[in-house]
There are 6 protein chains.
Amino acid sequence: MSDDLVTFGETMLRLSPPKGERLETATDLEFRAAGAESNVATAAQRLGASSTWLSKLPKSELGRKVVSDLRKHGIGVDVAWSDEGRQGTYYLEYGDKPRGTNVIYDRDDAAVQSARAEELNLQRIRDAGAFHTTGITPALSNQLAETTAKLLKVAKDAGTTTSFDVNYRSKLWSPEEAKQTLWRLFPAVDVLVFAYKDAERILDWDGEARQLAHHLGSEFDLQTAIVTHGERGSLAWHDNTVHEQGIYEADTFDAIGTGDAFVGAFLARRLAGDGVPRAMDYAAATASLKRTIAGDVATVTRREVESVMDEEFDDVSR
Amino acid sequence: MSDDLVTFGETMLRLSPPKGERLETATDLEFRAAGAESNVATAAQRLGASSTWLSKLPKSELGRKVVSDLRKHGIGVDVAWSDEGRQGTYYLEYGDKPRGTNVIYDRDDAAVQSARAEELNLQRIRDAGAFHTTGITPALSNQLAETTAKLLKVAKDAGTTTSFDVNYRSKLWSPEEAKQTLWRLFPAVDVLVFAYKDAERILDWDGEARQLAHHLGSEFDLQTAIVTHGERGSLAWHDNTVHEQGIYEADTFDAIGTGDAFVGAFLARRLAGDGVPRAMDYAAATASLKRTIAGDVATVTRREVESVMDEEFDDVSR
Amino acid sequence: MSDDLVTFGETMLRLSPPKGERLETATDLEFRAAGAESNVATAAQRLGASSTWLSKLPKSELGRKVVSDLRKHGIGVDVAWSDEGRQGTYYLEYGDKPRGTNVIYDRDDAAVQSARAEELNLQRIRDAGAFHTTGITPALSNQLAETTAKLLKVAKDAGTTTSFDVNYRSKLWSPEEAKQTLWRLFPAVDVLVFAYKDAERILDWDGEARQLAHHLGSEFDLQTAIVTHGERGSLAWHDNTVHEQGIYEADTFDAIGTGDAFVGAFLARRLAGDGVPRAMDYAAATASLKRTIAGDVATVTRREVESVMDEEFDDVSR
Amino acid sequence: MSDDLVTFGETMLRLSPPKGERLETATDLEFRAAGAESNVATAAQRLGASSTWLSKLPKSELGRKVVSDLRKHGIGVDVAWSDEGRQGTYYLEYGDKPRGTNVIYDRDDAAVQSARAEELNLQRIRDAGAFHTTGITPALSNQLAETTAKLLKVAKDAGTTTSFDVNYRSKLWSPEEAKQTLWRLFPAVDVLVFAYKDAERILDWDGEARQLAHHLGSEFDLQTAIVTHGERGSLAWHDNTVHEQGIYEADTFDAIGTGDAFVGAFLARRLAGDGVPRAMDYAAATASLKRTIAGDVATVTRREVESVMDEEFDDVSR
Amino acid sequence: MSDDLVTFGETMLRLSPPKGERLETATDLEFRAAGAESNVATAAQRLGASSTWLSKLPKSELGRKVVSDLRKHGIGVDVAWSDEGRQGTYYLEYGDKPRGTNVIYDRDDAAVQSARAEELNLQRIRDAGAFHTTGITPALSNQLAETTAKLLKVAKDAGTTTSFDVNYRSKLWSPEEAKQTLWRLFPAVDVLVFAYKDAERILDWDGEARQLAHHLGSEFDLQTAIVTHGERGSLAWHDNTVHEQGIYEADTFDAIGTGDAFVGAFLARRLAGDGVPRAMDYAAATASLKRTIAGDVATVTRREVESVMDEEFDDVSR
Amino acid sequence: MSDDLVTFGETMLRLSPPKGERLETATDLEFRAAGAESNVATAAQRLGASSTWLSKLPKSELGRKVVSDLRKHGIGVDVAWSDEGRQGTYYLEYGDKPRGTNVIYDRDDAAVQSARAEELNLQRIRDAGAFHTTGITPALSNQLAETTAKLLKVAKDAGTTTSFDVNYRSKLWSPEEAKQTLWRLFPAVDVLVFAYKDAERILDWDGEARQLAHHLGSEFDLQTAIVTHGERGSLAWHDNTVHEQGIYEADTFDAIGTGDAFVGAFLARRLAGDGVPRAMDYAAATASLKRTIAGDVATVTRREVESVMDEEFDDVSR
């Protein structure tokens, strides 16, 4: 039974004090698994694509916690278990204006950083409809940069659509490092997702978002180039046409994972045969719903997403 | 010692995960009694009317939880205890834009659905200043539709003012079913509360709210017809005059029970001798306060309500 | 990919106040999935047998909560989704001497009560190493008594080992009703688990536990007859020999699910090829560990179980 | 509608960190109403005696919290509201061997300390079957010593049975002060409850408990003298006969309020017409159950108490 | 090792139910130390000024809780321990429009009310760069009014800069009482902080804020006069010039302590040698950050404050 | 102002799910600083010795959390802040028979592992009455083994009493590694604490505890040799005499840190001039109290410890 979508990357354990509390004086932490690529797999699963997350985890209570949490959200988990390496964690302090939400990584020497392609279930990638990873993965170690390249090649060679979200993280690498590594990966990518603000940092881009989409699409010979632009919405270059998508307004409870929800929903609906504009609409609605949910993961239903798209909002449904 | 107000209806146990959490992945639930008619009794009690709630409950730990919670809020509880039937519950997921708060009923076969008039303390209704119930009650079972009709008649015959809030629930019945049943009840009603959006659904009303109030008042020969209109405020038709009432702005913590707080305060102040415009002002202020309070129940004081009416808002009182 | 073990039965949502609190005055409840047959599947999975739970669930947030919780523990979930019927729940008040733990069922009209054999994935049963259910299932409805009989037949016909735990529940049926139904099922059973105290109630048994095991084994032509006897341990009749097994002492945190942990571990180790005495040892150790864990489910590892069997207890491991 | 039992005394708000936590470093506190005389009223109510607690409370959010909590437990509350004086509170640190549970009073200048007899609903005392208070009340202020004397006289004059529990508190007064005040009150008492350890402190008693009961009964011309003796049980002198009562073993969750549960159950069953030995049995069983419940209050049912008396203990009831 | 800043005043224990809950029905309270002068010391410490809080505390678990909490935030604590007097507490109900946050004091007879200058470590004041207290302190008792005067004199005589925040509290005294006492203290003050709304109440001021600053500065021969004006920002009169400072917008989680954060930051930066406009900028940014933090205390870092000043806000930093 | 006691070592952040919960499925964790040497400093401080903990911490929110927590308990904190290295953490799963409490270290590459003697405040060690560290410290890195040796030498040379607790951790090193390193350190030690079970593992000791004490004392020319022997108590060899000390029975809430409490109290009382037997008695009583307290730290008072020594246990003190 092959997957619609396979993703690869690191999933950490996220530790966060209650809203309003500082980490320095916190006495209780929420504890959840969280990672861009498993977030994407979950969002895709919930929008109808059977999805599996590949990774490498330490053989420990903490590695098992990651598996337990991801399975709970409904995705397949296919991991290499390791006797070496840590379980990556991160601490999150919710913030509100004028203080942003703060992410404190404690992910050095995670087991996943030593993951070689051969340790992973490559057949799942070959059999899948699409394969997705993000710019976080190659930023984590040289080994992972190499593994990422190999997995993209495995997918490409097998005819599996490849999807890649730049997801620039300034706490992991510099814009120059990112550019150097990513530009080597892009030729194997079919669907590229680039946040406008990342383009500002990595490409010194100061032009229009539409031009950026055109530029990326032609420069890397993409099938689809998606540019996300925060409050201004997003746009997708596809078949040499740019499709614009607005946002659905949200009262944000937890912003983390919004982009992953967007990408997961987009991929799921594309894999289900929807056209790019329709898939972008699902993506925007799923992203908006994610903002109302605690944790990194978009635990939504397709029906809820479609309610948002139909603007059926009701204060209370009863 | 007779009551100022007696209400009758179902009170459920409400189970809700913390804000931001989905029911599907929740591990902890808040647990409170909640029901339209006991909400009204509580709001009325707190605005000065001695109030008692009548109902039928299963003789179990869950039935006792309902009694304990309602007594805590200060009202009288006079119930028939049953060896048959469940305790109704509902699950509530708080939502924020673009996802509304979601109510999931688990109230089938509740003990109250078999409540016959003869099981209830009818003398309390006869001795009371007013009797109140809502459109939820007859929607729950044929027996309850019959019981509701009988109780309204008992009240009417005894000279007790009868009050009825339409409170249409689409998860309980269709607009047609509602209309059929309710129109048989309205002739026994003195004070009728109708939400404009319910009139849209049940009456296909698309005229002005004022006209709706006039229409209801004359059609059913009411003493008072109240139309609530969300953010636009409310209006009361009385003595052939329509009184308009604005809203008091609120930062909403929990919207459930806002309408019940409105009705409870209105009845309490009418029973205390206030004129319709003054009672509507109390109602609007109580409803606004309710929005800032967790749970269905308006645990306010009269003094707090009057502070809102006097617009004495201060960020911090110390 | 066939399962080692398939189980069938109802899994409820368990709602429990913190230790020391009464349901009547509780304000917060823990919320977990719990059911004898999914407990058995989980214990078996964790002892090395790939396990799947079959059932029927309402298509709702509550049904999805059950699936999410069970997947978290690692088992397969293969359910028929229903538009009719409730999600069964139960409330649990932890008790200590002189007040026992109290279970308050609210499981009437659960969707599973209408489950017909044809709705379930019978092929999984045919392909599995063993099939397990309990006496709770046929106690829930006539339909389920019939379905249980059919599933045992499907298994038996396919050469799948059948396992059955009597699990008498006095809040569901009388000893006479139980006897009448169960005696019709036993002929299709290979492995029968009978608590001594249930034999006292259903069989008016007052003889020795050994004799009970012999009696059951020969009367129903069993492969294995297991009698559990609380603090006195357990014994297994197999190949006309009775094997005795002591208990491993435990400081009990939560006693619910102890028997299910026992059965799940026994089946897993038998399926893995262990002899009856060795499997009984695993069973006793897993049951003992379960007692230290909150909730119904034995979230143990095989290594932990073997540590108990090796009596390697250390106050603190560091 | 007259009460079976009326009690008078101070009820405080109890603030306690979770088990294992020190107050000095605690960040969260449980918050409950707690007081000997309202505890007695609640236990009596739950054993079948309609009961009301009289007191004086500050007209504040804290005074209202006391009323809300007590009503939740089912008793009547009839208080004088005061513009002067504090709401008494106490902090409780749960302790286990070798550290006892520690009570830190913050009850100085509580509103109740100024309560005069004329402020209270004396008619309720005159109409009641019994009136109960404890040695804590006269220890709190001179005014309360005077009020206690007056209330006992009001009861006595009206033919209401008077009940008094010595409840010596070393953090409130010295043995000498206690003796001086209490000996003036005892002549108006019908039922006197004296803990053996209090007799050691106040009376320098070192004889047998039986002799103490005889001594008290004859010295103060009592109807009933009860001596409680911890683990050794209790005994009641009545009609010149001493009845011994053993204890029912309990795993203690919260020991506070055990004595109050004992007295409340005893009074309720005596008021219901039970003989002294039978009432003592109820008292011992209720006290035992109380130990398993968080907070000061015995939120039990009569049926649960009778289960204990019938020694029907079952680990799990389902 | 001398302090940069020494403050003196009462610190209470703050007890608050979760957001949305009423005190009347709350079952759990947060528990934190909170007081204007220790808030100021903490904010100053975190902005780089070594700070110590002087006070008098009861020798009890509650007094130790205050010390523990303040030390946690990093300041020095130098207190006189008392065998007499209570630990002041206050209850806080978070409110949102149309209901403000409500503070219920329970601080009568606190140990600090009897604090005489001689009990305190006066040498610390003499050695410090600045000494700060507020109008709350003299409002608490006649003794404290006298002590406040003495401490200001001790500071003044030693050449320590004196700072005073009016902090008018209507629940402690009337405007007339405040004026009478404060005007006697102002001659010894170098830096005076006056909220515009307090000037409206105490001075019947209805002129411009700038004029108020000029007026205060010249009338009391101040070094610096600061007027805070809520949403409109603040201004500082210094060297006969008025410096205006805007606010940094904040999404408020907990407004209590905003003013103290402002003053603490201002003093710290002045003591570090910054000019008045720069110190006011730090003050405004610290106050804005405080609003996002639970509790009274600004547990910020200097770097976070400077990020706000540089308007480097990012939704999520990672 | 010199310290009575200075300690050096790693303090981690401890993350623990509630009792009964498995880490694998936990959703909430308690969060506290915990480390053997800061535990010792805290116990000593609370028994009357002014104490400071030296270490190296990462300059981050997590490092600051450690400082905040330790200051809260009242000790001095004097650390080198590092831009390199992690903050060590550990996860703790409470266990009960037959499952022990499980400690899962995540402390690799902690900043402290690179701590060189020159980075630390050596003057504090030279000025102190005693210096203490444990066998955990040199087990963490080669650098720390070297640093430990240097610090012991610094202390020895300055005439500061040196104290060392073997504290063998099998998850950090093998018995052989431990022996090799520790035997090089012991010549600089004055007071050596050795658990009997560690001697079994490191020394293959199977003789009597008394002999072990004698052996250690003479072999390493110690001032004092302490052997702790679990339930059997402890003994101290001093001046060629062995003093035996029993245990004070405890109902254990949290066993972690019991040994540290013992050592801290012993050192504090020795520094205060008590003889060895008296100091051992304090040590045993403090260790017993620690067992009743959540977390690693003995937040006791000297008075509480003396109450235990006087066996003044009372169920409830009020």
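Residues numbered from 1 in each chain as written. Chains lettered and ligands numbered in written order. Predicted model: local features only at pLDDT ≥ 70, side-chain atom pairs only at ≥ 80, totals over all residues. Heavy atoms only, no water.

A look at the pairing of strand S13 (residues 241-245) of chain A
All names here are of chain A.
Then comes step 1: Bridge count between strand S12 (residues 234-238) and S13: five bridges; the pairing is antiparallel. Residue pairing for S13: Leu 235 is matched across the bridge by Glu 244.
Then comes step 2: Connecting S12 to the antiparallel partner S13 that follows it, the hairpin turn spans two residues, and Asp 239 within it adopts a positive phi of roughly 50°. (Pairing = 2+ DSSP bridges. Helix = DSSP H or I, 4+ residues; strand = E, 2+ residues; numbered from the N terminus.)

Things to note about the nonpolar core
Residues and elements named next belong to chain A.
Then comes step 1: Ile 125, Leu 182, Phe 186, Leu 192, Phe 194 and Leu 216 are the most contacted members of the largest nonpolar core, which has 50 residues in total.
Then comes step 2: Tallying contributions element by element places helix H5 (residues 142-158) first for this core, with five residues.
Then comes step 3: Look past the residues within four positions of Leu 182 in its chain and what remains in contact with it is Gly 135, Pro 138, Phe 164, Val 166, Trp 173 and Ile 202. (Core = buried A, V, L, I, M, F, W, Y, C linked by side-chain atoms within 4.5 Å. Buried < 20%, exposed > 50% of the residue type's maximum accessible area, 1.4 Å probe, protein only. Contact = heavy atoms within 4.5 Å.)

A few points about helix H9 (residues 258-271) of chain A
For an α-helix, 3.6 residues make a turn, and residues three or four places apart therefore share a direction.
Residues and elements named next belong to chain A.
Then comes step 1: If you check H9, its first and last C-alpha atoms are 20 Å apart, about what 14 residues at 1.5 Å a residue would give, namely 20 Å.
Then comes step 2: Counting buried positions along H9 yields eleven of 14 residues, so the element is predominantly enclosed.
Then comes step 3: Three or more residues of H9 are buried, namely Thr 258, Asp 260, Ala 261, Phe 262, Val 263, Gly 264, Ala 265, Phe 266, Leu 267, Ala 268 and Arg 269.
Then comes step 4: Gly 273 lies just past H9 and shows a positive phi near 105°. (Expected span 1.5 Å × (residues − 1).)

Quick notes on the relation of the copies chain A and chain E
Then comes step 1: Of the two same-sequence chains, chain A is brought onto chain E (RMSD 0.1 Å, axial shift 0.1 Å) by a rotation of 120°. Overall, the copies show the geometry of a three-fold rotation axis. (Least-squares fit on C-alpha atoms with pLDDT ≥ 70 in both.)

Some points on the packing of aromatic side chains
Residues and elements named next belong to chain B.
Then comes step 1: In total, this model carries 47 aromatic pairs over all chains according to the counting rule given.
Then comes step 2: Ring geometry for Trp 183 against Phe 220: centres 5.4 Å apart, planes inclined by 80°, an arrangement best described as edge-to-face. Note that Trp 183 is positioned in helix H6 (residues 175-185) and Phe 220 in the loop between helix H8 (209-219) and strand S11 (224-228), a separation of 37 residues in sequence.
Then comes step 3: With 4.9 Å between their ring centres and 80° between their planes, Phe 186 and Phe 220 make a pair best called edge-to-face. Here Phe 186, found in the loop between H6 and strand S10 (191-195), pairs with Phe 220, found in the loop between H8 and S11; they are 34 residues apart in sequence, far enough to count as distant.
Then comes step 4: Overall, the relative accessible area of 0% leaves Phe 186 in the buried class. (Phe/Tyr/Trp six-rings, centres within 6.5 Å; stacked < 30°, edge-to-face > 60°.)

A closer look at the UniProt feature "domain: Carbohydrate kinase PfkB" (unreviewed entry) in chain A
Then comes step 1: The feature "domain: Carbohydrate kinase PfkB" (unreviewed entry), as given by UniProt, occupies residues 4-295 of chain A in the numbering adopted here.
Then comes step 2: Counting secondary structure, residues 4-295 of chain A comes out at 38% helix and 25% strand; the distance between its end C-alpha atoms is 24 Å. (UniProt positions renumbered as here; feature names shortened; annotations may be inferred.)

Structural notes on the interface of chain E and chain D
Then comes step 1: Across the contact, 23 residues belong to chain E and 23 residues belong to chain D.
Then comes step 2: Regarding the contact of chain E and chain D, the summed buried area is about 2200 Å², with carbon and sulfur atoms giving 53% of it.
Then comes step 3: The three residues of chain E that bury the most area against chain D are Glu 24, Phe 31 and Glu 61 of chain E, which together make up 26% of that side's buried surface.
Then comes step 4: Where chain E touches chain D, the interface holds four salt bridges.
Then comes step 5: When the shortest N-O distance is used, the salt bridge between Glu 24 of chain E and Arg 64 of chain D registers 3.1 Å.
Then comes step 6: Where chain E packs against chain D, one counts eleven residue pairs in polar contact (both at pLDDT 80 or more).
Then comes step 7: Sorting the residues of the side of chain E that touches chain D by element identifies strand S3 (28-34), helix H2 (61-72), strand S6 (89-93) and strand S7 (101-106) of chain E as the ones contributing at least two each.
Then comes step 8: Ranked by the residues each element gives to the side of chain E that touches chain D, the list is headed by H2 of chain E, at five residues.
Then comes step 9: Per-class residue counts for the side of chain E that touches chain D are eight nonpolar, six polar and nine charged.
Then comes step 10: The sheet contact formed by strand S3 (residues 28-34) of chain D and S3 of chain E spans three bridges and is antiparallel. Looking across to S3 of chain E, one finds that Leu 29 of chain D is bridged to Leu 29 of chain E. (Buried area = accessible area lost by both parts, 1.4 Å probe. Salt bridge = Lys/Arg side-chain N within 4 Å of Asp/Glu carboxyl O. Polar contact = N/O pair within 3.5 Å; in protein donor to acceptor, adjacent residues only side chain to side chain. Nonpolar A, V, L, I, M, F, W, Y, C, P; charged D, E, K, R; others polar.)

Considering the pairing of strand S2 (residues 12-16) of chain E
Residue and element names in this part refer to chain E.
Then comes step 1: When you tally the buried positions in S2, you get five out of five residues, the bulk of the element.
Then comes step 2: What you see with S2 is no split at all: Met 12, Arg 14 and Ser 16 on one side and Leu 13 and Leu 15 on the other are buried throughout.
Then comes step 3: Sheet topology places S2 next to S6; three bridges connect them, and they run parallel. Directly across from Arg 14, in S6, lies its bridge partner Tyr 90.

Observations concerning the sheet that holds strand S2 (residues 12-16) of chain F
Then comes step 1: Taken in spatial order, the ten strands line up as S14(C)-S7(F)-S6(F)-S2(F)-S3(F)-S3(A)-S2(A)-S6(A)-S7(A)-S14(E) in an open sheet, and their pairing is mixed. The outermost strands of the open sheet, each flanked by one partner alone, are strand S14 (316-317) of chain C together with strand S14 (316-317) of chain E.
Then comes step 2: The pairing of S2 of chain F with strand S3 (residues 28-34) of chain F spans five bridges and is classified as antiparallel. Residue pairing across strands places Leu 15 of chain F opposite Phe 31 of chain F, the latter belonging to S3 of chain F.

Thoughts on the sheet that holds strand S13 (residues 241-245) of chain D
The strands that make up a sheet pair up through hydrogen bonds in the backbone, lying either parallel or antiparallel.
Residues and elements named next belong to chain D.
Then comes step 1: Pairing in this open sheet of nine strands is mixed, and the strands run S5-S4-S1-S8-S9-S10-S11-S12-S13 from one edge to the other. Looking at strand neighbours, the two that pair on one side only are strand S5 (76-82) and S13, the edges of this open sheet. Neighbour to neighbour, the strand axes of the sheet diverge by 20° on average, direction disregarded.
Then comes step 2: Along the sheet face, helix H5 (residues 142-158) touches strand S1 (5-8), strand S8 (130-134) and strand S9 (161-165) and points at about 150° away from the line of S9. (Axes fitted to C-alpha atoms, helices over the stretch in contact; angles between N-to-C directions.)

Here we look at the interface of chain A and chain E
Then comes step 1: With 20 residues of chain A in contact, the opposing surface of chain E contributes 23 residues.
Then comes step 2: Between chain A and chain E lies a buried interface of about 2100 Å² when both sides are counted; carbon and sulfur atoms form 49% of it.
Then comes step 3: Of all residues in chain A, Arg 22, Lys 97 and Pro 98 of chain A bury the most surface against chain E, accounting for 32% of the area lost on that side.
Then comes step 4: Linking chain A with chain E are four salt bridges.
Then comes step 5: On inspection of chain A and its partner chain E, the count reaches ten residue pairs in polar contact (both at pLDDT 80 or more).
Then comes step 6: In terms of residue class, the side of chain A that touches chain E is made up of five nonpolar, six polar and nine charged.
Then comes step 7: Sheet topology places strand S7 (residues 101-106) of chain A next to S14 of chain E; two bridges connect them, and they run parallel.

Quick look at unusual backbone geometry
Residues and elements named next belong to chain B.
Then comes step 1: The residue after Lys 97, namely Pro 98, is reached through a cis peptide bond having omega 5°.
Then comes step 2: Position of Pro 98 among the secondary structure elements: in the loop between strand S6 (89-93) and strand S7 (101-106).
Then comes step 3: One non-glycine residue, Asn 240, lies in the positive phi region at around 65°.
Then comes step 4: Secondary-structure assignment places Asn 240 in the loop between strand S12 (234-238) and strand S13 (241-245).

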